[in-house]
Amino acid sequence: MTTVTVRVPEELHARVPAEQRGAGLDRDGVRLLVSRGTAVSHHAFAALPGLLAAGDLLVVNTSPTLAAAVDGRIGHARVAVHFSTRGDDGRWAVELRDPDGRGTTRARAGGPAGTEVWLPRGMRLVLEEPLSARGDRLWWARVSSSGVAGLLRAHGRPIRYSYTERDQPLSVYQTVFALPSRDGAGSAEMPSAGRPFTARLVAELVSRGVQFAPVSLHTGVASAEAHEPPYPERFAVPEASARLVNAARAGGGRVVAVGTTAVRAVESATGSDGVVRAREGWTDLVVTPERGVRVVDGLLTGLHEPEASHLLMLEAVAGRAAIEGAYEAAIGGRYLWHEFGDVHLILPERRLTQSIAGATDSEQTVGAV
């Protein structure tokens, strides 16, 4: 497990999206912490185009966010069902949680097998077996009808955690990169690193010669309490995107993944020879410092809880000292955490001096902490 030991104060939890914090703000109205090694600099997210260069490539996740939380009942008891991942056999991996009376939920003991949950539209869900031998939080369940996509559209809402202030419409949880899936698949939780991008910012990046490689990874329900490693998830790296990654590397450009989901997808399609090939299916890859990364040079990501398993992936990209230094700087700089919060750009060693040299006078560079 990572050695990041910072404590995130309650007041640094982002409770509403950036565009709801003040008049005239848009999604890109968040802050951007840039790190390389133990050196960090502070920027507005809108400065991103000036921190990248022509020939750089952003790998983005196009998975749409589902309205994956649905109310149900076990007997007379109310429960919330979080639909996590649809299996190839038509079953769904689900998490049952108890309403907490504040519009959010708390953890609930999983199982047992045979538990029946009654859902809207007279649909019935039956728990069959735990998803993993690691624990019983998520269960494979069979639903009495094949219309789960319609159920989520009609009765679902985005999964919301207790640090947020209120329910938000599904549109708030969709990134500018989200594309509908032909089979109705999507992510139970937003691929949030892409959230600050606006169409205007994407256009500026393209005009500066930065390219985009779309991939998809349908992320399941994270563990808000236990911070388990990620479970197998469905992904796809199209042929065109594989070619873009390989060409960027051959041309000396940097491959920067937008989010840990994009890292998992593209690294799952990379062979031991460092070549990315078109691939789709299920990935159980867990990127750790021991495994390392093969094609990803940099990473744009949110700020994760110190116990989160995602930090092992960040360490694989940047090293432990870099992540510890960045998180101490984020706490000291009063950055905001979670899916509506500020973001962290990890760049490789080369070109950092050039990027900082192009920063505005209002941007601050900080050395080792």
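The present account deals with the structure reproduced in this document. Residue indices follow the written sequence of each chain, beginning from 1 at its first position. Two thresholds apply to this predicted model, a pLDDT of at least 70 for residue-level local features and 80 or more for giving and counting side-chain atom pairs, whereas whole-chain, interface and lining totals are computed over all residues. In computing side-chain values, all of the structure's heavy atoms are included and hydrogens and water are not.

**Re the packing of helix 6 (residues 310-318) against helix 7 (residues 320-332)**
For any two helices packed against each other, one specifies the inter-axial angle together with the distance between the axes. Going by this rule: To get an axis, a line is fitted to the C-alpha atoms, and for a helix only the part in contact is used. The angle between two axes follows their N-to-C directions and goes from 0 to 180 degrees. The way it works is that DSSP assigns letters per residue, a run of H or I at least four long becomes a helix, a run of E at least two long becomes a strand, and they are numbered from the N terminus. Note on contacts: a residue pair qualifies if any of its non-hydrogen atoms lie within 4.5 Å across the two residues.
Their axes nearest at 7 Å, the elements helix 6 and helix 7 cross at an angle of 115°. Along the contact surface, helix 6 presents L311, L314, E315 and A318, while helix 7 presents R320, A322, I323 and Y327.

**Details of the packing of aromatic side chains**
Our working rule: Two rings belonging to Phe, Tyr or Trp (six-membered ring only in the last case) form a pair when the distance between their centres is within 6.5 Å. Interplanar angles under 30 degrees mark stacking, angles over 60 mark edge-to-face geometry, and anything in between is tilted. Burial classification: accessible surface area is computed with a 1.4 Å probe over protein chains only, and a residue below 20% of its type maximum counts as buried, one above 50% as exposed, and the rest as partly exposed.
Per the counting criterion, the structure on display carries 7 aromatic pairs. Ring plane angle 35° and centroid distance 6.3 Å describe the contact between Y161 and Y163, whose orientation is recorded as tilted. For Y161, a relative accessible area of 11% puts it in the buried group. By relative accessible area, which is 15% here, Y163 ends up buried. Considering the side-chain rings of Y173 and F340, the 5.4 Å spacing of their centres and the 50° angle between planes classify their relative orientation as tilted.

**Observations regarding the pattern of salt bridges**
The criterion, for reference: In what follows, salt bridge is the name for a side-chain nitrogen of Lys or Arg lying within 4 Å of a carboxyl oxygen of Asp or Glu.
Overall, the coordinates contain 25 salt bridges when judged by the stated rule. Put simply, R291 and E267 hold a salt bridge, and the shortest N to O gap is 2.7 Å. Remark: E267 occurs in helix 5 (residues 260-268) and R291 occurs in the loop between strand 14 (279-283) and strand 15 (298-302); sequence separation between them is 24 residues. For R291, a relative accessible area of 27% gives the class partly exposed.

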